[in-house]
Amino acid sequence: RGTVGGFGPVYLASGTKGTCSYSGFFNQFGVALPIYNATLSWYYLLTINYNWKDYHIKKVEHWFHIIPFAFASLTSIIAVSLDLFGNVDWTCWINPDSKDTPVKRAFQWFQWFFLFGPIWVSIIFQSVVMYLLYRKMRHFEEKMKQYSVKSFRKSVYKKDNEQSKIANRSSVTSLGNSFKDGGISLDDKRDNLACVSWDSKIINNNLRETNINGQADLCDEENPPT
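So, here's what we can say about the structure. Keep in mind the model is a prediction, meaning the values are calculated, not measured. (Residues numbered from 1 in each chain as written. Predicted model: local features only at pLDDT ≥ 70, side-chain atom pairs only at ≥ 80, totals over all residues. Heavy atoms only, no water.)

Concerning the overall build of the chain
Move 1: Each helix and strand counted, the chain has five helices and four strands in total.
Move 2: Taking all 226 residues of the chain together, 27% fall into the buried category.
Move 3: A total accessible area of about 16,100 Å² is found for the chain, and carbon and sulfur atoms account for 59% of it. (Helix = DSSP H or I, 4+ residues; strand = E, 2+ residues; numbered from the N terminus. Buried < 20%, exposed > 50% of the residue type's maximum accessible area, 1.4 Å probe, protein only. Areas by Shrake-Rupley, 256 points an atom, 1.4 Å probe, with all protein chains shown as cover.)

Structural notes on the side chain of N95
Move 1: With respect to the helices and strands, the residue N95 is situated in the loop between β4 (92-94) and α4 (102-105).
Move 2: Relative accessible area serves as the criterion here: at 18%, N95 is assigned to the buried category.
Move 3: Among the polar contacts made by the side chain of N95, one reaches the side chain of K99 at a distance of 3.4 Å. (Polar contact = N/O pair within 3.5 Å; in protein donor to acceptor, adjacent residues only side chain to side chain.)

Digging into a nonpolar patch on the surface
Move 1: The grouping of L40, Y43, Y44, I48, M137, F140 and M144 at the surface amounts to a nonpolar patch, some 630 Å² of accessible area in total.
Move 2: Position of Y44 among the secondary structure elements: in helix α2 (residues 32-49).
Move 3: The partly exposed category is assigned to Y44, whose relative accessible area is 40%. (Patch = residues over 30% accessible without salt bridge, like charges linked within 9 Å, V, L, I, M, F, W, Y side chains within 5 Å. Salt bridge = Lys/Arg side-chain N within 4 Å of Asp/Glu carboxyl O.)

Concerning the packing of aromatic side chains
Move 1: As enumerated under the stated definition, the model contains eleven aromatic pairs in all.
Move 2: Between F25 and F26, the ring centres sit 5.3 Å apart and the planes meet at 80°, which makes this aromatic pair edge-to-face.
Move 3: Ring geometry for Y36 and F69: centres 5.6 Å apart, planes at 80°, overall edge-to-face. Taken together, the residues span a long stretch of sequence, with Y36 in helix α2 and F69 in helix α3 (residues 54-81) at a distance of 33 residues.
Move 4: On the accessibility criterion, Y36 (22% relative accessible area) is partly exposed.
Move 5: The class of F69 is partly exposed, set by a relative accessible area of 38%.
Move 6: Taken together, the ring pairs connect W42, Y43, Y44 and F64 into an aromatic cluster.
Move 7: Its end group placed over the ring of F107, K99 keeps NZ or CZ at 5.1 Å from the ring centre. (Phe/Tyr/Trp six-rings, centres within 6.5 Å; stacked < 30°, edge-to-face > 60°. Lys NZ or Arg CZ within 6 Å of the ring centre and 35° of its normal.)

Description of the environment of S23
Move 1: Mapped onto the elements of the fold, S23 is located in helix α1 (residues 17-29).
Move 2: Given the relative accessible area of 28%, S23 is considered partly exposed.
Move 3: Distance from S23 to G86, taken between C-alpha atoms, is 9.5 Å for residues 63 residues apart in sequence.
Move 4: Here S23 is in contact with T91 and C92, once residues within four sequence places are set aside. (Contact = heavy atoms within 4.5 Å.)

Examining the side chain of S76
Move 1: Locating S76 in the fold gives a position in helix α3.
Move 2: Its relative accessible area of 0% is what places S76 among the buried residues.
Move 3: Here F25 takes part through its backbone oxygen, which lies 3.3 Å from a polar atom of the side chain of S76.
Move 4: In terms of polar contacts, S76 uses its side chain to reach the backbone amide nitrogen of F29, at 3.2 Å.
Move 5: Not counting residues up to four positions away in its chain, the partners in contact with S76 are F25, Q28, F29 and F85.

This is how it looks when you write it as structure tokens:
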């Protein structure tokens, strides 16, 4: 109460030196939050970018929790033990009311090492991790696009082959039916057509050579059809 800040008396200020130190302790403990975000980014980096499995993560998972809380607890205890907490206009934090010792006069270094520095390191680390994850996912996306294009082309090629086989089979069946319906004996027309055997393959001027059941094969090797 009665504290004077950089802009004059602090509005509605209340409490004592003890309550200010108590408040400053938990304000400093809040540094655990940005560090915790950094450790979570570390987790995503290991699992996504480096493909760590669960049994690998379990070996280092405890550090994701120990680092932020240990740093926050240690810096808060050091600050309160050195009597560094005081008024900073809007709250109580590292800004001792009296600068009668070299440690207290160096309070700005403590501000940077205990809060400002860790926050900036966390921001830079998380930015680097996000960039690495972006590159990883972009590379994965490009591979998926290539796989999709290859699969599409393969499916189209397979479909065309199946349609071609069906067309060839229909042509051979139609040809056989025309021979049958016209009363044409293949054995009697050796000069014009080769003898056919209906469980092999056929060579005809109008059909390409195929390899499917129900087609015919040459019986006359000396006079193949032209």
